[in-house]
Amino acid sequence: MPVHSRAPGRVLIFDTTLRDGEQSPGATMTLEEKIEIAALLDEMGVDIIEAGFPIASDGDFEAVSLIAGNTRNAIICGLARANENDISRCWEAVRSAARPRIHTFIGTSPIHRRYQVQLDRDQMAERIHDTVTFARNLCEDVQWSPMDATRTEEDYLCRVCEIAIGAGATTINIPDTVGYTVPRESAGIIAMLRERVPGMDAITLATHCHNDLGMATANALLAVEAGARQIECTVNGLGERAGNTALEEVVMALRVRNDVMPFTTGIDTRKIVNISRRVAAVSGFPVQYNKAIVGKNAFAHESGIHQDGMLKHSGTFEIMRPADVGLCESHLVMGKHSGRAALRNKLAELGYDLGDNQLNDVFVRFKSLADKKKEVFDDDLVALMQDTSASGLEYLRIEALQVTCGTVSPQAKAELALSIDRDVRTVTAHGDGPVDAAFNAVRALYDHDARLELYQVSAVTAGTDAQATVSVRLEENGLIATGQSSDTDTVVASTKAYLHALNRLRVRRYQQAGIQASGPAELS
Ligand code: KIV
Ligand code: ZN
């Protein structure tokens, strides 16, 4: 059944966390992480997963192929520029999917035509015809995007959309590539295309918004009201610059305000919080506290008036229930006497279903945390699980760390035993404070040019025995990598976060080597 033959109010959710989201500087994910996120997206009911940009690197190709071969329900889509090489490579990667899609694009605005692809209007029109025809001869499901559509002249946009439909495109996606559009215009473009382009009603119209002016969600919703039936989005709004439309925002807006926006999606909203946490953990991009739907404070009520209202009736200050997005309000607090079964149950409530081996590993870490903290709260367990996933990248790992600091000596001292590819080396280093000393020790043992761009500490829960979550961002020759870790000892958390970022930087270096091997693949 073609994807466009469905109930009129049904909106398809096209998730591009693994492609546009992964393009955020520093948000690189490993192959295993991409496979895990794809499985979660499929489970939550995403209709189309854009799994990557196969020509960009061998790593991207492998990720898209594996996701294509392993996904049960969703359409698996790969991205390709408007040339036969890209499109063939994309087809190779997605063809094993039960429902494959090729997504090909070209920048159609005057500035893109002139500076990026150097084609005049007629040359570009011909290129679109030829490449969409080529893609359609390979695959039944072809999506075409006029990149920077919202800054493309209306007449030309209509002309190229008509050509793409004539050449066999089954979805036309309208990207607001630079996040420039306002909601009224977003609706206007969709309405205009539906009115002027022959054949538009026989295909699916999609909206793809960037959030540079903070209007991505509003723009996507207004596009839907005007007739778009596919929203392109990412979990947590991850993406280049200010990111893309956030999946959780559009899905919950359509659900909560169904009275004024009578549209439905196929998303199981109870899976939202879990996938948000996993994406934050694997991308290294923490979710801001006051982020709509998935921020730590999205359901917290601090002021007296709000708390009073909540106690009387939750509807006084809540427009959706925490459980609707998968936030469980369990009263089971864990501690050092809790056993394996209780831990398994609690983690399942939090959205983590673990196999026996993984549970054993987490249980050891949980016991060590419970020895340090009297009560282990849900947020502690989430931090622990995020740390567990970070520990998969273990080229560099702490074997032992002892730090001395305080008012007595002028400098803090760190004694570090560091495992580098399983070879343990030791050093003593000094610094201005304990974190500086520990980072100097890492630098003494593992020589690198990475520059520390961000160092951020936050407490996971209240109390002086709270765990600290530390985020670190590093930059090395234009490559960016982030790392995160949590521990009741802030210096240990900081050092682990630093090593996590260095491990990711190493992966990024290899990925870049792959990109260079197959030519530059720049896009927005
Ligand atoms: O923002 C954009 O234009 C894109 C295209 C590749 C669809 O991401
Ligand atoms: Zn984009």
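In what follows, the accompanying structure is described. Since the model is a prediction, treat every value here as computed from it, not as a measurement.

A separate point is the pattern of salt bridges. One pass over the structure, following the stated rule, counts 37 salt bridges. Here Arg241 and Asp212 are joined by a salt bridge, their closest N and O atoms 2.6 Å apart. Of this pair, Arg241 sits in the loop between strand E8 (230–233) and helix H9 (247–256) while Asp212 sits in the loop between strand E7 (204–209) and helix H8 (216–225), and the two are 29 residues apart along the sequence. By relative accessible area, which is 46% here, Arg241 ends up partly exposed. Three or more residues are tied together by salt bridges with common partners; here these are Arg451, Glu453, Arg473 and Glu475.

Right, let's talk about the sheet that holds strand E9 (residues 396–404) for a bit. If you walk across this open sheet you meet the three strands as E9-E10-E11, and the pairing is antiparallel. Looking at which strands have only one partner, the edges of the open sheet turn out to be E9 and strand E11 (423–431). Between one strand axis and the next, the sheet turns through 15° on average, direction left out of account. With eight bridges connecting them, E9 and strand E10 (residues 412–420) associate as antiparallel partners. Note that in E10 the partner of Ala400 across the bridge is Ala417. Relative to E11, helix H15 (residues 434–445) is tilted by about 140°, and along the sheet it contacts E9, E10 and E11.

Time to look at the coordination of the zinc ion (ligand 2). The protein atoms that coordinate the zinc ion (ligand 2) are Asp20 (OD), His208 (NE2) and His210 (NE2), at distances of 2.0 to 2.2 Å. Binding-site remark: the zinc ion (ligand 2) is held by donors from one chain whose sequence spacing is D-x187-H-x1-H. Here Asp20, found in the loop between strand E1 (12–15) and helix H1 (31–44), pairs with His208, found in strand E7; they are 188 residues apart in sequence, far enough to count as distant. What makes His208 buried here is its relative accessible area of 4%.

Let's shift gears to H8. The element H8 is extensively covered by neighbouring structure, given that seven of its 10 residues are classed as buried. Those residues of H8 that fall on the buried side of the exposure criterion are Ala216, Thr217, Asn219, Ala220, Leu221, Ala223 and Val224. Contacts made by the buried residues of H8 are with strand E6 (171–176), helix H7 (183–196), E7, E8 and H9. The first or second residue beyond H8 is Gly227, which carries a positive phi of 125°.

Okay, the sheet that holds strand E12 (residues 451–459) next. With antiparallel pairing, the three strands of this open sheet are ordered in space as E12-E13-E14. Looking at which strands have only one partner, the edges of the open sheet turn out to be E12 and strand E14 (479–487). Across the sheet, the mean angle from the axis of one strand to that of its neighbour is 15°, orientation sign disregarded.

Among soluble globular proteins, nonpolar side chains are generally buried collectively. Of all hydrophobic cores here, the largest spans 90 residues; its most connected members are Trp144, Cys161, Ile172, Ile174, Leu193, Met200 and Ile231. Contacts of Met200, omitting those with residues within four sequence positions, involve Cys161, Ile165, Ile172, Leu193, Arg194 and Leu205. Core analysis: the second largest hydrophobic core is formed by 32 residues, Leu401, Ala438, Leu479 and Leu502 among them.

Definitions and cut-offs
- Along each chain, residue indices are assigned from 1 in the same order as the chain's sequence is written.
- For naming, the first written chain is A and the first written ligand is 1, with later ones following in the order written.
- Confidence filtering applies because this is a predicted model: local features only for residues at pLDDT of at least 70, side-chain atom pairs given and counted only at 80 or more, and all residues used for totals across whole chains, interfaces and linings.
- Excluding hydrogens and water, the side-chain figures rest on all heavy atoms present in the structure.
- What makes a salt bridge here is a side-chain nitrogen of Lys or Arg within 4 Å of a carboxyl oxygen of Asp or Glu, nothing more.
- Runs of H or I in DSSP of at least four residues are treated as helices and runs of E of at least two as strands, each being numbered from the N terminus.
- Here's how the labels work: a residue is buried when its accessible area is under 20% of the maximum for its type, exposed when over 50%, partly exposed in between, all with a 1.4 Å probe on protein chains only.
- One requirement defines pairing of two strands: DSSP has to find at least two bridges between them.
- To get an axis, fit a line to the C-alpha atoms, keeping to the stretch in contact for a helix; angles then go from 0 to 180 degrees between the N-to-C directions.
- Any two residues having at least one pair of non-hydrogen atoms within 4.5 Å are treated as being in contact.
- Counted as donors are N, O and S atoms no farther than 2.8 Å from the metal, or 3.2 Å for Na, K and Ca; water is not among the atoms, and sites may therefore look incomplete.
- In plain words, nonpolar cores are sets of buried Ala, Val, Leu, Ile, Met, Phe, Trp, Tyr and Cys residues tied together by side-chain atoms within 4.5 Å.

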